[in-house]
Amino acid sequence: MSYPPHHGPTPWGAGITVSIMVGLLAAVAVFSFGRALAEVHPLLAVAVNLVAAGGAAPTAWRWRWTPVTRWVVGGATVGVLLGWVALLISGIGA
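Every residue gets a number counted from 1 within its own chain, in the order that chain's sequence is written. Where local features are concerned, this predicted model is filtered to residues with pLDDT of at least 70; where side-chain atom pairs are given and counted, the filter is 80 or more; whole-chain, interface and lining totals use all residues. Think of the side-chain values as coming from all heavy atoms in the structure, minus any hydrogens and water.

Trainee: For this particular structure, what's the right way to read the packing of helix 1 (residues 12–40) against helix 2 (residues 42–63)?
Mentor: A pair of packed helices is captured by two measures, namely the crossing angle of their axes and the spacing between those axes. To obtain an axis, a line is fitted to C-alpha atoms, over the contacting stretch when the element is a helix, and the angle between two such axes runs from 0 to 180 degrees between their N-to-C directions. The way it works is that DSSP assigns letters per residue, a run of H or I at least four long becomes a helix, a run of E at least two long becomes a strand, and they are numbered from the N terminus. It is the contact of helix 1 with helix 2, at a shortest axis distance of 6 Å, that shows an interaxial angle of 140°. Relative to helix 2, helix 1 is oriented oblique. Mapping the contact onto sequence places Val30, Phe33, Gly34, Leu37, Ala38 and Val40 in helix 1 and Pro42, Leu44, Ala45, Val48 and Asn49 in helix 2. Three categories are distinguished: nonpolar for Ala, Val, Leu, Ile, Met, Phe, Trp, Tyr, Cys and Pro, charged for Asp, Glu, Lys and Arg, and polar for the others, with Gly belonging to the last. Residue classes in the contact of helix 1 with helix 2 are distributed as 9 nonpolar, 2 polar and no charged. The labels follow the angle: roughly parallel below 35 degrees, roughly antiparallel above 145, roughly perpendicular from 65 to 115, and oblique for the rest. The contact rule is simple, with two residues in contact once any of their heavy atoms fall within 4.5 Å.

Written as structure tokens, this is what we have:
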């Protein structure tokens, strides 16, 4: 007789904390790096962001259901999107 694998309770508090911290770090990194590249040339900033996101996407897609890593992937995804939105808003205001 085989038993189904045991899954412990989901650590919501720790997971959401990790997601928020990773999201904030990713948003600040994407915004800072994008602003620095935009000073060289705006198309360079767009190209580097798209290449970086396109390169990381397959790995993030594979890791999205891994018990611990899913919190990091979710936070990083939201952080990158927020960084892009901040770059767009700062580009409109400049």
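Trainee: What's the story with the environment of Val18 in this structure? I'm lost.
Mentor: Here Val18 shows up in helix 1. When a residue's accessible area, from a 1.4 Å probe over protein chains only, is under 20% of the maximum for its type it is buried; when over 50% it is exposed; and in between it is partly exposed. Residue Val18 is classed as partly exposed on the basis of its relative accessible area, which comes to 35%. Here the alpha-carbon distance between Val18 and Val78, two residues 60 residues apart in the chain, equals 12 Å. Beyond its immediate chain neighbours, meaning those up to four positions away, Val18 contacts Trp71 and Val72.

Trainee: Looking at this structure, I do not really get the environment of Arg64. What am I missing?
Mentor: Examined against the element boundaries, Arg64 turns out to sit in the loop between helix 2 and helix 3 (69–93). Linking Arg64 and Gly74, residues 10 residues apart in sequence, is a C-alpha distance of 7.6 Å. Counted as a polar contact is a pair of N or O atoms within 3.5 Å, where, for protein atoms, one must be capable of donating a hydrogen and the other of accepting one, and residues adjacent in sequence contribute only when both atoms are in side chains. Of the polar contacts made by the side chain of Arg64, one reaches the backbone oxygen of Trp61; its length is 2.5 Å.

Trainee: It is not clear to me how the packing of aromatic side chains should be interpreted in this structure. Could you clarify?
Mentor: For any pair of aromatic rings, geometry is given as the distance between the ring centres together with the angle between the planes. Each aromatic pair joins two rings of Phe, Tyr and Trp (for Trp, the six-membered one) with centres within 6.5 Å, and gets the label stacked for planes under 30 degrees apart, edge-to-face for over 60, and tilted for any other angle. Taken as a whole and judged by the stated rule, the model has 1 aromatic pair. Ring plane angle 80° and centroid distance 5.5 Å describe the contact between Trp12 and Trp71, whose orientation is recorded as edge-to-face. With Trp12 in helix 1 and Trp71 in helix 3, this residue pair connects regions lying 59 residues apart in the sequence. Accessibility expressed as a relative area gives 13% for Trp71, which makes it buried. Charges are assigned to positions over rings by a cutoff of 6 Å between ring centre and Lys NZ or Arg CZ, combined with an angular limit of 35 degrees from the ring normal. Over the ring of Trp61 we find Arg64; its NZ or CZ atom is 3.8 Å from the centre of that ring.

Trainee: Looking at this model, I keep getting lost on the environment of Trp71. Mind explaining?
Mentor: Separated by 59 residues in sequence, Trp71 and Trp12 have C-alpha atoms that sit 9.5 Å apart. Residue contacts for Trp71: discarding those within four places in its chain leaves Thr10, Pro11, Trp12, Gly15, Ile16, Val18 and Ser19.

Trainee: So what exactly am I meant to see when it comes to helix 1 here?
Mentor: Helical periodicity: at 3.6 residues per turn, an α-helix aligns residues three or four positions apart in one direction. Residue count minus one, scaled by 1.5 Å, sets the expected span of a helix. With 29 residues, helix 1 extends 42 Å from end C-alpha to end C-alpha; this agrees with the ideal 42 Å at 1.5 Å per step. All of the buried residues along helix 1 are Gly15, Ser19, Gly23, Ala26, Ala27, Val30, Gly34 and Leu37.

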